[in-house]
Amino acid sequence: MKKLFIDLSPGFYKTKLLNELSKKINLLVIYTTGYDATSRNDDFLKGQRNYPYIQLSGSKCSQCYQIIKSMISGGFDEIIVGGYVSLASWMPILFSSKKRNAMLLESTFRETKIKGAAVIMKKFFFSRLHRVYVCGSPHEKLTRMFGFKGECKYWHSVGLINLVSQPAYAPRTIVRNFLFVGRLIWQKNLMWLIDRFTEHPELNLTIVGFGELEGQLKSHICSPNINMVGAINNEDLAEYYQYADVFILPSVSETWGLVVEEALNNGTPVMLSHMVGAADDLAIPDKTGVIFQSNDIESFEMKLKEICDLNRYNGMRKYISKMNFEEREDNIIKAFVD
């Protein structure tokens, strides 16, 4: 088995996945662009790449030539593109047979517009694929809305997290400490979240991360129960996840949410906006967490009351403590090998 991956993120979680895949299959990775270092902390790009890869450079025409050359000479059984936005993603669609073409889809139907002239191009794109690797059910729904009739292969993630040993179950006597981890950008809806916790002085909210809204968020905080701690190294996040009673992600747009996996791996129940791509598959009611309607105060308050109910909350902690994340990681890898 030999696979070509095009236009994948060089983030640590994808690097970890590709390193594991390279032990089981022959692969080549083509990176079309790099990440803007100002929008991510140094940890995001950590990790040695133990697999062959090409970092494209030069003009768009030159990049397309390099991709086509690799496609023709590589003898690949499958060519997997990371989306349908970039010109590089269209090279297999135009120059490779449908039976080899696949896509890794991280977008969901919730944040994707299904109207306008672009729909015709996207429908054509999907018609030239034999398989789509989908993160979860909202992602498969998007493929079907574009008329895709081929195989949707679930892998329930966007990469491999930094696994920790699953904490043993220990009931808690109060639900008080809430945690957010992520970039401080408008999509995370943090102004709204701060307003909610300002109205709940009996609860604590810790915000971990950095980003363009850091100054505005600090100015918006007027209650001592809300604390911003800046960026934290990945290897130190477990301490924050395990201290917290609940991990909360109020995003108005979130294609997946790797932090949800990290929180669960650290034994922490989750409270997610319905716009979080991972919510449908990972926030299981009365088992792993609750889902509230984005920007809906009434829905938020109802789900907050639910997750603060001690019997219900400790039931979630007990269920999460039995989740097998090693097996889950194996299944993520197998999705691309089998």
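Residues numbered from 1 in each chain as written. Predicted model: local features only at pLDDT ≥ 70, side-chain atom pairs only at ≥ 80, totals over all residues. Heavy atoms only, no water.

Draft legend 1. The overall build of the protein, seen in detail. When its secondary structure is counted, the protein shows 13 helices and 13 strands. Along the longest, intermediate and shortest principal axes, the C-alpha atoms of the protein span 60 × 40 × 35 Å. Sequence separation of 24 or more characterises 68% of the internal contacts of the protein that already satisfy a separation of 6 or more. When the accessible surface of the protein is totalled, it reaches about 15200 Å², and 52% of it is carbon and sulfur. When the 40 basic and 36 acidic side-chain charges of the protein are each reduced to a single mean position, those positions are 8 Å apart. (Helix = DSSP H or I, 4+ residues; strand = E, 2+ residues; numbered from the N terminus. Contact = heavy atoms within 4.5 Å. Areas by Shrake-Rupley, 256 points an atom, 1.4 Å probe, with all protein chains shown as cover. Lys, Arg positive; Asp, Glu negative; His and termini not counted. Charge placed at Lys NZ, Arg CZ, Asp CG, Glu CD.)

Draft legend 2. Layout of the packing of aromatic side chains. Within the structure shown, the criterion is met by 20 aromatic pairs. Relative to F300, the ring of W192 lies with its centre 5.4 Å away and its plane at 85°, an arrangement referred to as edge-to-face. Within this pair, whereas W192 is found in helix α6 (residues 190-198), its partner F300 is found in helix α11 (residues 297-308), the two being separated by 108 residues in sequence. Since its relative accessible area comes to 11%, W192 is described here as buried. Aromatic rings pair up to connect Y84, W90, F124, F125, F126, F146 and F148 into one cluster. Between the NZ or CZ atom of R49 and the centre of the ring of Y53, over which it lies, the distance is 4.9 Å. One residue, K141, lies across the ring of F109, its end atom 4.1 Å from the ring centre. (Phe/Tyr/Trp six-rings, centres within 6.5 Å; stacked < 30°, edge-to-face > 60°. Buried < 20%, exposed > 50% of the residue type's maximum accessible area, 1.4 Å probe, protein only. Lys NZ or Arg CZ within 6 Å of the ring centre and 35° of its normal.)

Draft legend 3. Summary view of the pairing of strand β5 (residues 101-105). Taken across its five residues, β5 has five buried, putting it largely inside the fold. Sheet topology note: the strand β4 (residues 78-81)/β5 ladder contains three bridges and is parallel. Bridge pairing in β5 places I79 opposite N101. For the crossover that starts at β4, traverses helix α3 (residues 90-95) and ends in the parallel β5, the hand is right-handed. Sheet analysis places β5 next to strand β6 (residues 131-134), joined by four bridges and oriented parallel. Of the residues in β6, the one forming a bridge with M103 is V132. (Pairing = 2+ DSSP bridges. Right-handed = clockwise from strand over helix to strand, strands pointing away.)

Draft legend 4. Molecular detail of the sheet that holds strand β8 (residues 177-181). With parallel pairing, the six strands of this open sheet are ordered in space as β10-β9-β8-β11-β12-β13. Each edge of the open sheet is held by one strand with a lone partner, namely β10 (226-230) and β13 (289-292). Each strand of the sheet is rotated relative to its neighbour by a mean of 20°, with strand direction disregarded. Relative to strand β9 (residues 204-208), β8 is paired through five bridges, and the arrangement is parallel. In the sheet register, F180 faces β9, and the bridge partner there is I207. Sitting on the sheet, helix α9 (residues 258-265) is in contact with β8, β11 (246-249) and β12 (270-273), with an inclination near 175° to β11. (Axes fitted to C-alpha atoms, helices over the stretch in contact; angles between N-to-C directions.)

Draft legend 5. Representation of the side chain of T15 within the structure. Note on placement: T15 falls in helix α1 (residues 12-21). If we ignore the near neighbours within four places in the chain, the residues touching T15 are P10, G47, Q48, R49 and Y51.

Draft legend 6. Expanded view of the sheet that holds strand β1 (residues 2-6). Taken together, the seven strands give an open sheet; going across it, the order is β3-β2-β1-β4-β5-β6-β7, and neighbouring strands pair in parallel fashion. With one partner strand each, in any of the chains shown, β3 (53-55) and β7 (151-154) form the two edges of the open sheet. Sheet twist, expressed as the average angle between the axes of neighbouring strands with direction ignored, equals 20°. In this fold α1 packs onto β1 and β2 (26-31), with an angle of close to 155° to the strand it touches most, β2.

Draft legend 7. Region of the structure containing the pattern of salt bridges. The final tally for this structure, using the stated rule, is 15 salt bridges. Residue R144 is joined to E140 by a salt bridge in which the shortest nitrogen-to-oxygen separation is 3.2 Å. Taken together, the residues R144 and E140, both in helix α5 (residues 137-145) and four residues apart, mark about one turn of the helix. What makes E140 partly exposed here is its relative accessible area of 21%. In this structure, a network of salt bridges that share partners links the residues K3, E78, R131 and E151. (Salt bridge = Lys/Arg side-chain N within 4 Å of Asp/Glu carboxyl O.)

Draft legend 8. Summary view of helix α4 (residues 118-127). Those residues of α4 that fall on the buried side of the exposure criterion are V119, K122, F125 and F126. For α4, the arc enclosing every buried residue in end-on projection is 115°, short of the 170-degree limit, so these residues lie on one face. Set apart from the buried face of α4 by more than 90 degrees, the exposed residues are I120 and M121. Considering only its buried residues, α4 is in contact with β4, α3, β5, β6 and α5. (Arc of directions from axis to C-beta.)

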